[in-house]
Amino acid sequence: MDGATLSVMWALPFAGLLLSIALLPLIAPHFWHGHYGKVALGWALSFLLPLMAVFGSSSAAHELVHALLAEYVPFILLLVALFTVSGGIHISGNLHGDPRTNTAILAIGGLLASVMGTTGASMLLIRPLIRANDNRAHKVHTVVFFIFIVSNIGGSLTPLGDPPLFLGFLKGVDFFWTARNILPETLLLVAALLAVFYLLDRHWYRKEGVLPQDPTPDTRRIGIDGGVNFILLVGVIGLVLMSGLWKSNMVFDVYGTSVGLPGLVRDVGLVVLTLISLKLTAAPVHAANQFEWEPMREVAKLFAGIFVTIAPVITMLKAGAAGPFAAVVAAVTLPGGEPNPPMYFWATGLLSAFLDNAPTYLVFFNTAGGDADVLMTARASTLAAISAGAVFMGAVSYIGNAPNLMVKAIAESRGVRMPGFFGYIGWSCTILLPLFVVCTFLFFR
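Parameters at a glance
- Residues numbered from 1 in each chain as written.
- Predicted model: local features only at pLDDT ≥ 70, side-chain atom pairs only at ≥ 80, totals over all residues.
- Heavy atoms only, no water.
- Helix = DSSP H or I, 4+ residues; strand = E, 2+ residues; numbered from the N terminus.
- Rg over C-alpha atoms; globule rule 2.2 N^0.38 Å.
- Contact = heavy atoms within 4.5 Å.
- Areas by Shrake-Rupley, 256 points an atom, 1.4 Å probe, with all protein chains shown as cover.
- Lys, Arg positive; Asp, Glu negative; His and termini not counted.
- Charge placed at Lys NZ, Arg CZ, Asp CG, Glu CD.
- Phe/Tyr/Trp six-rings, centres within 6.5 Å; stacked < 30°, edge-to-face > 60°.
- Buried < 20%, exposed > 50% of the residue type's maximum accessible area, 1.4 Å probe, protein only.
- Axes fitted to C-alpha atoms, helices over the stretch in contact; angles between N-to-C directions.
- Parallel < 35°, antiparallel > 145°, perpendicular 65-115°, else oblique.
- Disulfide = S-S within 2.5 Å.
- Salt bridge = Lys/Arg side-chain N within 4 Å of Asp/Glu carboxyl O.

Engineer: I tried to follow the overall build of the protein on my own but got confused; where do I start?
Structural biologist: For the protein, the helix and strand inventory stands at 20 helices and 4 strands. In summary, the protein has a C-alpha radius of gyration of 21 Å against a globular reference of 22 Å for 445 residues, a match within 12%. Expressed as a percentage of contacts within the protein between residues at least 6 apart in sequence, the contacts between residues at least 24 apart total 81%. Here the protein displays about 18,300 Å² of accessible surface, and carbon together with sulfur accounts for 68% of that area. The average position of the 24 basic charges and that of the 23 acidic charges among the side chains of the protein differ by 7 Å.

Engineer: What is the right way to read the packing of aromatic side chains from this model?
Structural biologist: Any aromatic ring pair is given by two values, namely how distant the centres are and how the planes are angled relative to each other. In total, this model carries 25 aromatic pairs according to the counting rule given. Seen from their ring centres, W32 and Y36 are 6.1 Å apart, and the 45 degrees between their planes marks the pair as tilted. Taken together, the residues span about one helical turn, with W32 and Y36 both in helix α2 (residues 29-55) at a distance of 4 residues. On the basis of an interplanar angle of 5 degrees and a centroid distance of 6.5 Å, the ring pair of F392 and F436 is categorised as stacked. Residue F392 is located in helix α18 (residues 380-392), and its partner F436 is located in helix α20 (residues 421-443); the two are separated by 44 residues in the primary sequence. Here F392 matches F436 in class, with each residue buried.

Engineer: So what exactly am I meant to see when it comes to the packing of α2 against helix α3 (residues 57-87) here?
Structural biologist: The description of two helices packed together rests on the angle between their axes and the distance between the axes. Contact pair α2 / α3: the axes reach a minimum separation of 6 Å and the direction vectors enclose 140 degrees. In terms of their interaxial angle, α2 and α3 are classed as oblique. Of the residues in α3, those touching α2 at L48, L51, M52 and F55 are S57, S59, A60, E63 and L64.

Engineer: Can you walk me through the state of the cysteines in this structure?
Structural biologist: Think of a disulfide as a covalent bridge from one cysteine sulfur atom to another cysteine sulfur atom. Going through the model one piece at a time under the given rule, you end up with 0 disulfides. Cysteine C429 remains unbridged, with the sulfur of C439 as its closest cysteine sulfur at 16 Å. Judged by relative accessible area, C429 falls into the partly exposed class, the value being 33%. The exposure class assigned to C439 is buried, which follows from its relative accessible area of 0%.

Engineer: Even after reading the chapter, I still don't get the pattern of salt bridges, so can you show me in this structure?
Structural biologist: As a working rule, side chains carrying opposite charge can pair if their charged atoms are close by. Counted under the stated rule, the structure contains 5 salt bridges. Ionic pairing is found between R379 and E338, a salt bridge with its closest N-O pair at 3.6 Å. Here E338 lies in the loop between α14 (326-331) and α15 (341-354) and R379 lies in the loop between α17 (372-376) and α18, a separation of 41 residues in the sequence.

Engineer: What's the story with unusual backbone geometry in this structure? I'm lost.
Structural biologist: Glycine aside, negative phi is the norm for most residues, and most peptide bonds take the trans geometry. Residues other than glycine seldom take positive phi values, yet Y255 does so here, at roughly 50 degrees. Tracing the backbone through its elements, the reader meets Y255 in the loop between β3 (251-254) and β4 (257-260).

Engineer: Quick question: what am I supposed to make of the environment of V407 here?
Structural biologist: Considering the arrangement of structural elements, one finds V407 in helix α19 (residues 402-413). Distance in space between the C-alpha atoms of V407 and M418 is 10.0 Å, their sequence separation being 11 residues.

Nothing here speaks to function; it is all geometry.
The structure is reproduced here in structure tokens:
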């Protein structure tokens, strides 16, 4: 497809899928929870069938294969591996969810997110956090702030933390570049969020107190079961690093989509580690974690639809000033043709909140020139704005980053009444957007 010649009508299936994710759980919850996979498939077909009619079956097949092999399969295999391995680690014992303990868990999760990824850190800590607060009357805010800090902003310091930064690493950005260049922004946001959370949690703790009987019995100490999964987690991290550092000329062509040997080895290795984790993790550990596949199924089905229907949107954005989204490109460029870092921060961020933040990062990375050496030096402020926008504002909506939906699904399965799509956006707009404005004036002028 040529993005410069496409009509914005091609974006309707993607918009329809987003609206379905936003509205159907509210207006038809029973239908949605039983048929969300069919809804995602329906919207994917509403793009693929017209594509086949207009451009031919060959073009439609090429777009489908590219969306699945080049983007969706590596994405979902990494998530499945992190979900399975972290789900095989059980933090035993009963923590008491008072404001200090909850704040400490969020702080630890924020640190771990850049080491083991936002998905790994989220899956490791969300269950102990919910269990610690199972005798609290108000706990929705705890999960919301967990998504803000652990599932998103905490993963902004290394390519292991969040998929957009990993894509930048593959494009030539140094491994520690983001840690050196957006550390102050990250520390400010995490510290501010922890402070706001502590004050809010203390208010509810003092006002409502706790239930007279804790559903989780007290234990003498906190322990860790399933420790072998920590070794497998190191293996996952090693495979991700290997695929970025190993350069190979061996490339397999699958219906016009290039599949490199390092990526293939990584994906096969992730499948192997997932199977090993399932084999070695004792059943009582999974039972204690209430490990189930429904959160992963929901993410896998919904993001399959997102990756397919997002294709024309990304193509039109890549067309730049010649495409139907020329206004977006113009908005991030100064009159002299130089990048405008504050606008890159907000444009990348707001699109990342509702598109997948990984391809959105790539679009603006290329819009800013696409040369990693130049972006890391002469245009470092622009690359910092793109990186921060993609990772930070993935927290604005449930679909901004895959762990958001996974955490929501796990929390709901444990009886936490999470806010709906727009309710969550209300939380993020109230708390996050003012902090992003402060970041803009302090760091991206």
